[in-house]
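What follows is each chain in one-letter form.
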Amino acid sequence: MKTNGLRRKLMIGFGVFGALAVIKVIEYFVGTRVKTGGWPYLLVLAFAGAVPILYYFMHINDLGKTKDRDDG
Amino acid sequence: MASQASEAPNRLAINRLGIWLFFLSESFLFGALLTTRYYLQGVSRPADLNQPLGFVISFILILSSLTAYRAESAVAHGAQALFRRNILYTIILGTLFIAGVGLEWSEGFRFFPPSHGFGTIFFTLTGFHAFHVLTGILALIVLILPGQRGRFTPENHWGAEAIIKYWHFVDVVWVFIFPTLYLVS
């Protein structure tokens, strides 16, 4: 049985996945269409992809907390 | 008794710090390998590189991160069946990723073998990463049996949390490897 807290978490997961998928598509487009000078954009896109994983999936903000995160 | 009561939350914080320090040390390893790519080859890459395949396996790995996240969310809320199902999905997707890397390697051996400058970097980076994916898969498999026995509870599921965090770390590493090997030019 899914509680409201779990439902919210699962929706966040889909949202992050959607954002990552879009970033990947843009990254692929930049990498295959831009012949030269595309690497700064790729670097930005790589970090743009890494940050949501670090924050939403890996919960880096929980570092140092002595209680488990409040899931509501 | 009071010291035992305070020990459990602190133990979780210490465990989390420990695994993040592990991730930091692994980041140095992959950072060195990524830097070596640019030192040895600059931004050049072979024309024979299978970019569509690289994109597909990247997508598979991102999808596996979603299923791993769903598994962790499920176990944190006591949804055991959802936890087990998503662990299984993650294992399947991880295995598909490894198969994709295998396919890349079969093409790579033909067009840019390890004796080739780019080949050295390609096989080293993807090989190290694939090894981490493989150990992640094995660790996820280890979660299945305790998961079936209800070993992980919302109050105590550190084992599952740690292994799933490791899986996400492997995904984060690939987020940087994919453009470095396949897209930069």
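Residues numbered from 1 in each chain as written. Chains lettered and ligands numbered in written order. Predicted model: local features only at pLDDT ≥ 70, side-chain atom pairs only at ≥ 80, totals over all residues. Heavy atoms only, no water.

Engineer: What should I look at first to understand the interface of chain A and chain B in this one?
Structural biologist: One frequently used descriptor of interface size is the decrease in accessible area upon assembly of the parts. In this assembly, 44 residues from chain A lie in contact with 42 residues from chain B. Where chain A abuts chain B, roughly 3,700 Å² becomes buried across the two surfaces, and 72% of that area is made up of carbon and sulfur atoms. Looking only at chain A, the three residues that lose the most surface to chain B are Lys24, Tyr28 and Met58 of chain A, adding up to 19% of its buried area. Applying the counting rule to chain A against chain B returns zero salt bridges. For the interface between chain A and chain B, the tally reads three residue pairs in polar contact (both at pLDDT 80 or more). Within the residue set of the side of chain A that touches chain B, elements represented by two or more residues are helix H1 (4-33) and helix H2 (39-57) of chain A. Ranked by the residues each element gives to the side of chain A that touches chain B, the list is headed by H1 of chain A, at 16 residues. A per-class count over the side of chain A that touches chain B returns 22 nonpolar, eleven polar and eleven charged. (Contact = heavy atoms within 4.5 Å. Buried area = accessible area lost by both parts, 1.4 Å probe. Salt bridge = Lys/Arg side-chain N within 4 Å of Asp/Glu carboxyl O. Polar contact = N/O pair within 3.5 Å; in protein donor to acceptor, adjacent residues only side chain to side chain. Helix = DSSP H or I, 4+ residues; strand = E, 2+ residues; numbered from the N terminus. Nonpolar A, V, L, I, M, F, W, Y, C, P; charged D, E, K, R; others polar.)

Engineer: Hey, could you run me through the packing of helix H4 (residues 117-148) of chain B against helix H5 (residues 158-183) of chain B in this one?
Structural biologist: The description of two helices packed together rests on the angle between their axes and the distance between the axes. Residue and element names in this part refer to chain B. Look at H4 against H5: their axes get within 10 Å of each other, and the N-to-C directions meet at 160 degrees. The angle between H4 and H5 falls in the class roughly antiparallel. Relative to H5, H4 is oriented so that their crossing is left-handed. (Axes fitted to C-alpha atoms, helices over the stretch in contact; angles between N-to-C directions. Parallel < 35°, antiparallel > 145°, perpendicular 65-115°, else oblique. Left-handed = near helix turned anticlockwise from the far one by under 90°.)

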